[in-house]
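# Chains, contacts and geometry: an overview
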Amino acid sequence: MNDQLNDHQVDILVVGSGGGAMTAALTASVGGAEVLVIEKSDQYGGTSAMSGGGIWIPNSHYARAQGVDDSREDALTYLKNVVGDRVAPDRLEAYVDEAPRMLKFLADNTRLEYSPVAYSDYYPEKPGGKQGYRTHEPKPFHAGKLGRDFDALRPQHRQTVVQGRFTMTMAEGRAFLTQADGWKTMLVKMMLGYFLDIPGRLKGKRSRRLTLGNALIGRLRKSMMDRDIPLWLNTAFKELIVEDGKVVGALVDQDGTERRIFAKKGVILGAGGFEHNRELREKYLPQPTSADWSGSQDNNTGDGIVAGQKIGAATDLMDWAWWAPAIKVPGIDRPWVLFAERSSPGLLMVNKAGQRFSNEAQPYLESGYSLYANDGGAPSVPAFLVFDATFRKKYPLGPLPPGYAGPDASLPRKVKEILHIADTVEELADKLGVDAAGLKDTIEKNNAYAQSGSDPEFHRGDSFYDAYYGDQRNAPNPCIGPCAEAPFYGIEVYPGDIGTKGGLLVDAKSRVLKEDGTAIPGLYAIGNTSASVMGTTYPGAGVTIGPAMTFGYVAARDAIGMNE
């Protein structure tokens, strides 16, 4: 092979094509740099495309325009109370300062548009916490504007698309889940919009109304197209090229051909975490563990992290993930991650002893991790979700639509295989393999809590966040309901994730650090390729993509000298 014939040179090389990577590319391009984005799969968007697309941005210009009461001081107070000293203070300060600037920069220079939503912080009772308008949702985008590039946009996760066809916004999703006033009319309008899109229906089943993560990535991709920023698909990152201690490029495999890409001003790694790397999961994460429990896309195998380690980069938080309880259906490539359904009244999560061990409605990171941290002592991997006929009829749960829309007889065979149904609590306990006496006692306690409205064991429903996805028609507590009407149901739940938290240790400018704390020249890491700025916590909806985009903006500006 003639290396020179396969060489390529740019100012900035961005590895990965998620929200953070595309933000970095656009920032550098606006700053006058020649940029290349590479993606190892045949679809762009990464896990960002499959996600809710929300970003947690305190004190944004969007929120200020709506008169929202927020400030730098409140945001920093909140993060320092939630995250604590697990992350360097200057990284937290950089996030609070740069996140609103990033969002305004993209609003001024790209097609990206966001709206703040009344989505509570996950710990609103903490000092500096807010009951809404720090989480932002991307505005819907029409796929027709992408032309042929729509075909390569990674689709939404099936759990965010109603009946596999109808895309929904965060607000619409909440209305459907909680059956808020007007939700049926909203659903009819959504369906009409879908079926009346005749050109879209002639092309296929997939909706051209892009929402959530597809709206985010669709808008960013179109913005890249506007600026003629190349995106190379099927281009796998292999290793970093280092000269005299400085990262000057990367070795890649493009459709089976090895190439060297030289980057004069820097390489930005935004290639996700290692959740689909079995070896790394078993080395670093709590056991038992399985990539089958991860809701992210399967190209996240830690390529950027491993490459950084090989040249002496330090890592942090490698034993942590963005945990969330997950239901795995055999034969389906990704599990259903339970973000919100756990707040619905009448649902219990129990261990092998039939005992509850955590607040079912708490933020999903804590809920997912609680399966490992089970205070009850009995095995809880898997744990079991238990509910009755009333819950089954009214609410969705992972692969289960609400019973009024999808009765038991109509469920797919693979879902029926994992759903246990029984006429009595004792029979259900036997089918699940949990202690019958323990489960019966747990249900009796829950039914008493439903009547009183108070959960003295785990305080379910006490937080404003808990109640956000609860059923406001259910009194006295929107998150606690009786489990009393036969038949009774049970389904296994696992400590799933939406990505890993651990990665390359970076400073406040996203420069990758060595073990001695010095920066590796020419190398930056963002998103889940870097150790999370949120430490071991999850302060609010959008603190995965929000920091990825913010530090993509920060890294690009530093690399091309926009901060000078």
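Here the structure is shown first, and the text comes after it.
In this report, the structure presented in the accompanying data block is examined.

Criteria and cut-off values
Residues numbered from 1 in each chain as written. Predicted model: local features only at pLDDT ≥ 70, side-chain atom pairs only at ≥ 80, totals over all residues. Heavy atoms only, no water. Helix = DSSP H or I, 4+ residues; strand = E, 2+ residues; numbered from the N terminus. Rg over C-alpha atoms; globule rule 2.2 N^0.38 Å. Buried < 20%, exposed > 50% of the residue type's maximum accessible area, 1.4 Å probe, protein only. Phe/Tyr/Trp six-rings, centres within 6.5 Å; stacked < 30°, edge-to-face > 60°. Lys NZ or Arg CZ within 6 Å of the ring centre and 35° of its normal. Pairing = 2+ DSSP bridges. Right-handed = clockwise from strand over helix to strand, strands pointing away. Contact = heavy atoms within 4.5 Å. Salt bridge = Lys/Arg side-chain N within 4 Å of Asp/Glu carboxyl O. Disulfide = S-S within 2.5 Å. Expected span 1.5 Å × (residues − 1). Arc of directions from axis to C-beta.

The secondary structure content of the protein amounts to 19 helices and 23 strands. Taken over C-alpha atoms, the radius of gyration comes to 23 Å for the protein, in line with the 24 Å a tight globule of 564 residues would show. Seen through its C-alpha atoms, the protein measures out along the principal axes to roughly 70 × 55 × 50 Å. Here the protein holds 564 residues, and the buried ones make up 61% of them.

Turning our eyes to something else, we now look at the packing of aromatic side chains. Scanning the model with the defined rule gives 27 aromatic pairs in all. Seen in terms of ring centroids, Trp322 and Tyr538 are 4.8 Å apart; in terms of plane orientation they differ by 75°. Their pairing is edge-to-face. Of this pair, Trp322 sits in strand S15 (residues 321-327) while Tyr538 sits in the loop between strand S23 (519-525) and helix H19 (545-560), placing them 216 residues apart in sequence. You can call Trp322 buried: its relative accessible area is 1%. Members of the aromatic cluster, joined through ring pairs, are Tyr119, Tyr122, Trp322, Phe339, Tyr364, Tyr465, Tyr468, Tyr469 and Tyr538. Residue placement shows Arg221 over the ring face of Tyr44; its charged tip is 5.8 Å from the ring centre. The ring of Trp322 has Lys501 lying over it, and the distance from NZ or CZ to the ring centre is 3.6 Å.

The next subject is the pairing of strand S2 (residues 35-38). Neither face of S2 is open: one carries Val35 and Val37, the other Leu36 and Ile38, and all of them are buried. The pairing of strand S1 (residues 8-15) with S2 spans four bridges and is parallel. Paired with Val15 across the two strands is Ile38, which belongs to S2. Remark: the S1/helix H2 (residues 19-30)/S2 crossover connection has right-handed handedness. Bridge count between S2 and strand S10 (residues 231-232): two bridges; the pairing is parallel. In the sheet register, Val37 faces S10, and the bridge partner there is Leu231.

So, on to the sheet that holds strand S5 (residues 135-138). Taking strand neighbours across the sheet as the criterion, the three strands line up as S3-S5-S4 in an open arrangement whose pairing is antiparallel. The open sheet has two edge strands, strand S3 (55-56) and strand S4 (114-116), and neither has a second partner. In this sheet, S5 lies alongside S3 in antiparallel orientation, the contact comprising two bridges. Across the sheet, Ile55 pairs through a bridge with His136, a residue of S5.

Turning our attention to the environment of Asn474. Relative to the helices and strands, Asn474 resides in the loop between helix H18 (464-468) and strand S20 (488-500). For Asn474, a relative accessible area of 19% corresponds to the buried category. Sequence separation of Asn474 and Ser344 is 130 residues, and the distance between their C-alpha atoms is 9.3 Å. Setting aside residues up to four positions removed in sequence, Asn474 forms contacts with Pro345, Ile480 and Gly481.

Looking now at the pattern of salt bridges. By the definition in use, this model includes 35 salt bridges. Linking Lys80 and Glu93 is a salt bridge whose minimum nitrogen-to-oxygen distance equals 3.9 Å. One end of the pair, Lys80, is in helix H5 (residues 72-83); the other, Glu93, is in helix H6 (residues 89-109), and 13 residues separate them in sequence. Here Lys80 falls in the partly exposed class, since its relative accessible area comes to 39%. Since its relative accessible area comes to 29%, Glu93 is described here as partly exposed. Each of Arg356, Glu360, Asp455, Glu457 and Arg460 takes part in salt bridges that share partners, so that together they form one network.

Between two cysteines, a covalent bond joining their sulfur atoms is known as a disulfide. Evaluated as defined, the whole model comprises zero disulfides. Cysteine Cys479 is unpaired, with the sulfur of Cys483 as its nearest cysteine sulfur at 16 Å. By relative accessible area, Cys479 is classed as buried at 0%.

This brings us to the environment of Ala118. Mapped onto the elements of the fold, Ala118 is located in the loop between S4 and S5. The class of Ala118 is partly exposed, set by a relative accessible area of 34%. For the pair Ala118 and Gly132, spaced 14 residues apart in sequence, the C-alpha to C-alpha distance is 4.2 Å. Once residues lying within four places of it in the same chain are set aside, the contact partners of Ala118 are Gln131, Gly132, Tyr133 and Tyr468.

Turning to unusual backbone geometry, a few remarks are in order. Omega for the peptide link from Gln287 to Pro288 comes to -5°, which places this bond in the cis form. In this model, Ala486 is joined to Pro487 through a cis peptide bond whose omega is 0°. Tracing the chain through its elements places Pro487 in the loop between H18 and S20. For Asn59, which is not a glycine, the phi torsion comes out positive at approximately 55°. Along the chain, Asn59 falls in the loop between S3 and helix H4 (61-65). In the Ramachandran plot, His459 falls in the positive-phi region, its phi being about 60° despite a non-glycine side chain. On the accessibility criterion, His459 (44% relative accessible area) is partly exposed.

Its twelve residues give H5 an end-to-end C-alpha distance of 16 Å, which sits within 8% of 16 Å, the value for a rise of 1.5 Å per residue. Looking at H5, one finds that the buried residues are Ala75, Leu76, Tyr78, Leu79, Val82 and Val83. Viewed end-on, H5 has its buried residues packed into an arc of 160°, placing them on one side of the element. Buried-residue contacts for H5 involve S3 and H6.

A few words now on helix H16 (residues 425-432). The complete set of buried residues in H16 reads Val425, Leu428, Ala429 and Leu432. Across the axial projection of H16, the buried residues extend over an arc of 100°, all falling on one side. Taken together, the buried residues of H16 touch strand S18 (383-388), strand S19 (419-422), helix H17 (436-452) and S20. One or two residues past the end of H16 sits Gly433, with phi positive at roughly 75°.

Functional significance is not addressed by these values, which are geometric in nature.
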